Amino acid sequence: MFQDLFNKIQIPLMITNSDGKIVFINDAGKKVAEDVTGSSLYQYLPAAYESIVKEYTLSPKAFMSKQAAEKVEIMVNGSLKTADMTVLDEQHLLFQWNHSLTTFEKLFDIKETMTNRILDGGSLLDILTALSDVVKRELWMSPHYSLVLLEDKNKAADVISPTLTECLYPRLNGRRLTKEDGLHGETVHANRSSFVYDLSENEKLRNYYHFLSSYDIRSIWCEPIIVDGNIVGIFTMYHDAPSAPTEHDIKLLNVCSCLIALAIRHTKMKEKWEQVEKQEYEMIAHYAGDAITVLNKEGCIIYASPSHLPITGYSGNELEQKNVLDYIHPDDRSEVEEKISCLHESKQEGYLEVRFRKQDGTYITVACNAKPVLKGNNHSDIYRFIVISRDITEQKIAEKKLEESEQHYKSLFHYNANPVALLDLEGKITSTNGPLEKLLSFHKAAEYNGNYQQYIHPDYIESTDWYFQRAVNGEAVSYETVGLDKNGHPVYLLITNIPVILDGKTMGVYCIVNDITDKKLAQERLKESEEELRALLNSMPEFVIFQDKDGRLIELNESAKQLLSYTQTGSRGMLNTECLSQVEKTEWEKKDKEAWEKGEFIQYEQQMVHSDGEPRTYEIVKAPQFSDNNEKKYMVTIGRDISVRKEMEGELKETKELLEAVFNNSADAILIIKLNGELLKANPAFYSLYGYSPDDSNILQTNLIPEELREETNALLERVKKGEKVVDYETKRKTKNRELFEVSITYSPIRDKHGNISGISAISRDIRDRKKTEELLRRSEKLSVIGQLAAAVAHEVRNPLTSIKGFTQLFEDKIEKEYTELMLSELSRIEMIINEFLTLAKPQAVNFKQENIITVLRNILSIIEAQALLNNINIQTSFHAENVLINCDQNQMKQVFLNIIKNAMEAMPTGGILSVNTQITDSCLEIGITDEGVGIPPERIQRLGEPFFSNKEKGTGLGLMVCFKILEDHDGRIDINSVEGQGTTVTIKLPLQEE
């Protein structure tokens, strides 16, 4: 029952039981604090208040009669709030926050806090967010907020909300509000506050505000924002519970609306003031001859006047948004940073001279007056600087336009980087700026009161007065004079007097002063520099000649005089060319004309006869000089004697050509590589050997080395990089087509002019033919040894073998037939081997004559055909012709065909196809014999033809060796190609009979 009663009370209340458990929080309490019903009160109590609450809980009767409530602090929404604690009954305690009693005080605090916040500046979104935080902190209310800004005819120009922008902006922005636009339209047209206490009970508004459903909005309060009697917007509060505003709530809504109106008015006034201020800056800067720059407090350029362009070469747009330190000479940056820091502390105008980088990269010295601009309630914060700079490199004075008002001139007066004084018509100094006070060593205003004449040297007062009177009469004049500083020392001055004219009448004279003492001293130093330059020119070994645009001599150094036998002194004259030949003179004048026409320096070489009679070669540069309006001024000619260098270049060229001839015509492949393995240069032999072309790119050393040899090669190259030389290193390399071949390589380090190793030369020699020759020699030696052995063995074995064979046949009837047949078979095999030995051991009678090789081949195939059928082998033939004449020994060729075909059949124990074909290529007959046998491993193919090396279990290797020997005698050869598991092809190549 007490819940309904307490919910009607607009004071935040909370009830706990005797265990400290929170059992109830009324609706007003839920508005200012999260609903923590069911949790323990002690987790929100500071330790200092736990004993007090427990004392009330343990002895409630003792405190029921106590009239004054106990003050305790409870953590609410992250901050401590003071509550009044009383005993509700024997089982419950009641906690009450003093909300309603202090609402008006809180509203005053809100208004004061937000007014200060608005005056400090910020966007309307920032102000609205800050207002939300203050209301939540002071009144424990956490509604949503929105601000709709209106234009003419109630059009929503913008929608601002810390939390509801995503749903409100698309719905309202740009919409012209009518009475049908919910509570917002009603507020605008009624020009008063509008409320909906519970959206769930208002179907029309509930449907209109359906886009707020995800935020569970139940109640909406709207207040118009009035500025200067006009509605400029709508301030709205959105609650997530049904809520009818109390008197205090309406007061809060009105206060918030007024604060937002103040923020809008302040924003508009600030924008208007900034626009006026910007226009004033631009007006001053546009007519100022000095460079005016506006910096923010971090030193970033936010405005640069147009006068920057003639002074620095930059336009205003090029400088804006750049940091001014980026243009200051590196040696001056620390001084500038220190000056900016001093300005922040003193908040006073400062003067500084620094080097500034122009657009062309050169530096000019500028005098800068920097004035800080203050803001804030007490004008204590710097938010920008106004800097006025003048180029004092050549002491140029930028004259000001005098059509502006006196106030305009006064504003320029204070920001002028040059010394300036304001004189009345009698010549009395009425005002000076900082640079003039610095120039004349003034410190107090009283020190410069008086006539200007007291600061002019007595010898120059009369002429200075005359110029002053001209200015009084309305004429702007500039002149040079000599002044005196405070200590009486002379100061050379360039003064510009400008009359101050208002309404056609001269009111005074602006006196703009330039200290040209340094300029005068510089002129003296320039004269000294000219003498030093002349001495330098005369000490140069190169000849230097200056001519005017017509070719007349202006100046020349001693080397030029020696070259031309020049002895004339005094006035300048035409260039003495009597010592020049007609060819030399013509070339000289031709090059003069070429340089003037091109408008830039030219460089060339010319042979000239020196005055000592010796011909010499000179490297000559002619540099024409032009005035600012592109008119010819003078020609500078500088010549260097390069005769010795040319002689050395000739010798070097001959040496280079010799080396290039050796390099390009060498039969060995020469490769120059960088230390990283990249190809630097290669000769034609390299491209021929390795299969590359000069157009191929990215040829690396690693591309030429087989994978398995790279580690070994890298080790050798590391030795070369340390200065060693590797000679005749035999290895393998691969071509562009990945074909391996054998080479002999010599690696040598290449050193630069400092003796450091900068590359490696690799000279490759193809040793494939040499290796073949060595292999043939090795085989010949084997054949010779085998022949000698075969003769001895055959002779010693044949006689006993005949006896054994005879006795075996004699006892054939007395021994079992199985044994005698086996013995006779093996004896026949031994006899066959001995015959093959004898073939190798002694020359055979060879009877060469023309034979139809196809007929010989067919005869062998017919003999072997029966055996092939027995072994399930199908012989297929493909002969290109039936009559091919070969100069050969028929019996030996039969032996070759028979041995090879038998080998092919033995390679197919389970049968298969045996192919025999012929073709003619390059005056050669090719006979191919292909089987479908088990194939031969690649490493074994290389050894085929060696004696006693065979792929067959009982083979001797002598049969194939004999075949090789027979074909060698016939000027032919055998090629063997095999793939394991697929078969072998033996190609017999024989030369054709010439007709």
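Just so you know, these numbers come straight off a predicted model, no measurement behind them.

As a further point, take the overall build of the chain. Along its length, the chain carries 29 helices and 38 strands. Once local pairs closer than 6 in sequence are excluded, the contacts in the chain between residues at least 24 apart make up 50%. About 56,100 Å² of surface is accessible on the chain, with carbon and sulfur atoms providing 50% of the total.

Glancing now at the sheet that holds strand 20 (residues 490-502). Ordered in space as 18-17-16-21-20-19, the six strands form an open sheet in which the pairing is antiparallel. The open sheet has two edge strands, strand 18 (450-451) and strand 19 (477-484), and neither has a second partner. In terms of strand pairing, strand 19 meets strand 20 through eight bridges, oriented antiparallel. The partner of E480 across the bridge, within strand 20, is L494.

Turning our attention to the environment of D969. Mapped onto the secondary structure, D969 falls in helix 29 (residues 958-969). Spatially, the C-alpha atom of D969 lies 9.3 Å from that of C888, the residues being 81 residues apart in sequence.

The topology assignment puts T617 in strand 25 (residues 615-626). Leave out the neighbours within four places in its chain, and T617 touches E605, Q606, Q607, R640, D641, I642, S643 and K646.

Looking now at unusual backbone geometry. Its identity is not glycine, yet K153 carries a phi of approximately 60°, on the positive side. Along the chain, K153 turns up in the loop between strand 6 (144-150) and strand 7 (156-160). Unlike most non-glycine residues, N191 shows phi in positive territory, near 55°. Mapped onto the elements of the fold, N191 is located in the loop between helix 8 (182-190) and strand 8 (194-196).

Scanning all chains against the criterion turns up 32 salt bridges. Residues R765 and D668 are paired through a salt bridge, measuring 2.7 Å at the closest nitrogen-oxygen approach. Linking R765 in strand 31 (residues 757-766) with D668 in the loop between helix 20 (643-665) and strand 27 (669-674), this pair joins segments that are 97 residues apart in sequence. Judged by its relative accessible area of 15%, D668 is buried. Residues joined by salt bridges that share partners form a network here, namely E587, K591, E594 and K598.

This paragraph deals with a negative patch on the surface. There is a patch of like negative charges on the surface, built from E647, E651, E654, E657 and E660. Examined against the element boundaries, E654 turns out to sit in helix 20. Its relative accessible area of 58% is what places E654 among the exposed residues.

At their nearest, the axes of helix 26 (residues 853-870) and helix 27 (residues 890-906) sit 10 Å apart, and the two run at 40° to each other. One way to sum up the angle between helix 26 and helix 27 is to call them oblique. Where helix 26 crosses over helix 27, the two elements pack in a sense that is right-handed. Across the interface between the two elements, I853, V856, L857, I860, L861, I864, Q867 and A868 of helix 26 pack against Q890, M893, K894, F897, L898, I901, K902 and M905 of helix 27. Tallied by class, residues from the contact of helix 26 with helix 27 come to twelve nonpolar, two polar and two charged.

This part covers the nonpolar core. Core analysis: the biggest nonpolar cluster contains 39 residues, and I853, F897, I900, I901, L914 and I988 have the highest contact counts within it. Residue assignment for this core shows that the elements contributing at least two residues are helix 26, strand 34 (885-888), helix 27, strand 35 (912-920), strand 36 (924-930), helix 29, strand 37 (973-979) and strand 38 (983-991). It is helix 26 that provides the largest number of residues to this core, a total of eight residues. Every residue in contact with I900, bar those within four places of it in the chain, is listed here: I929, C963, I974, V986 and I988. Counting residues in each nonpolar core, the second largest holds 29 residues, with L124, Y145, L259 and I260 among its members.

What follows deals with helix 23 (residues 710-721). Under the 1.5 Å per step criterion, the end-to-end length of helix 23 is 16 Å for twelve residues, consistent within 8% with the ideal 16 Å. All of the buried residues along helix 23 are T713, L716, L717 and V720. Buried residues of helix 23, viewed axially, fall in a sector of 100°; they line one side. Remark: G723 follows helix 23 within two positions and exhibits a positive phi of approximately 110°.

Turning our attention to the packing of aromatic side chains. If you walk through the whole model with that rule in mind, you get 17 aromatic pairs. Judged by centre distance (5.5 Å) and plane angle (65°), the ring pair of F543 and Y618 falls under edge-to-face. Here the residue F543 occupies a position in strand 22 (residues 543-548), and Y618 occupies one in strand 25, the gap between them amounting to 75 residues. By relative accessible area, which is 4% here, Y618 ends up buried.

This part takes up the confidence of the model for the chain. Looking at the chain as a whole, its pLDDT mean stands at 79, while 83% of the residues score no less than 70. Segment residues 396-405: pLDDT under 50, and 33 contacts once partners within four positions in sequence are set aside and those in other chains are kept. Every residue in residues 569-574 is under pLDDT 50, and counting partners more than four places away or in other chains gives ten contacts.

Our focus in this paragraph is the sheet that holds strand 6. Overall, antiparallel pairing links the five strands, which are arranged 7-6-10-9-8 in an open sheet. Lying at the two open borders of the sheet, with one neighbouring strand each, are strand 7 and strand 8. The average angle at which neighbouring strand axes cross in this sheet is 15°, direction not considered. Where strand 6 meets strand 7, four bridges bridge the pair, whose relative direction is antiparallel. Note on strand 7: the bridge partner recorded for L149 is D158.

Take S39: it is sitting in the loop between helix 2 (27-32) and helix 3 (47-58). Separated by 2.5 Å, the side chain of S39 and the backbone oxygen of V36 make a polar contact. Beyond its immediate chain neighbours, meaning those up to four positions away, S39 contacts G20, K21, I22 and Y44.

Moving on, we get to a nonpolar patch on the surface. Taken together, F807, L810, F811, I815, Y819 and M823 make up a surface patch of nonpolar side chains, about 600 Å² in accessible area. At the level of secondary structure, the elements contributing two or more residues to the nonpolar patch comprise helix 24 (768-810) and helix 25 (817-841).

Turning our eyes to something else, we now look at the environment of L172. Tracing the backbone shows L172 in helix 7 (residues 165-172). Leave out the neighbours within four places in its chain, and L172 touches V148, A156, V159, L177, H184 and Y208.

Okay, the environment of N418 next. With respect to the helices and strands, N418 occurs in the loop between helix 14 (406-415) and strand 16 (420-423). Sequence separation of N418 and G434 is 16 residues, and the distance between their C-alpha atoms is 8.7 Å.

About the thresholds
Residues numbered from 1 in each chain as written. Predicted model: local features only at pLDDT ≥ 70, side-chain atom pairs only at ≥ 80, totals over all residues. Heavy atoms only, no water. Helix = DSSP H or I, 4+ residues; strand = E, 2+ residues; numbered from the N terminus. Contact = heavy atoms within 4.5 Å. Areas by Shrake-Rupley, 256 points an atom, 1.4 Å probe, with all protein chains shown as cover. Pairing = 2+ DSSP bridges. Salt bridge = Lys/Arg side-chain N within 4 Å of Asp/Glu carboxyl O. Buried < 20%, exposed > 50% of the residue type's maximum accessible area, 1.4 Å probe, protein only. Patch = residues over 30% accessible without salt bridge, like charges linked within 9 Å, V, L, I, M, F, W, Y side chains within 5 Å. Lys, Arg positive; Asp, Glu negative; His and termini not counted. Charge placed at Lys NZ, Arg CZ, Asp CG, Glu CD. Axes fitted to C-alpha atoms, helices over the stretch in contact; angles between N-to-C directions. Parallel < 35°, antiparallel > 145°, perpendicular 65-115°, else oblique. Left-handed = near helix turned anticlockwise from the far one by under 90°. Nonpolar A, V, L, I, M, F, W, Y, C, P; charged D, E, K, R; others polar. Core = buried A, V, L, I, M, F, W, Y, C linked by side-chain atoms within 4.5 Å. Expected span 1.5 Å × (residues − 1). Arc of directions from axis to C-beta. Phe/Tyr/Trp six-rings, centres within 6.5 Å; stacked < 30°, edge-to-face > 60°. pLDDT = per-residue confidence, 0-100. Polar contact = N/O pair within 3.5 Å; in protein donor to acceptor, adjacent residues only side chain to side chain.

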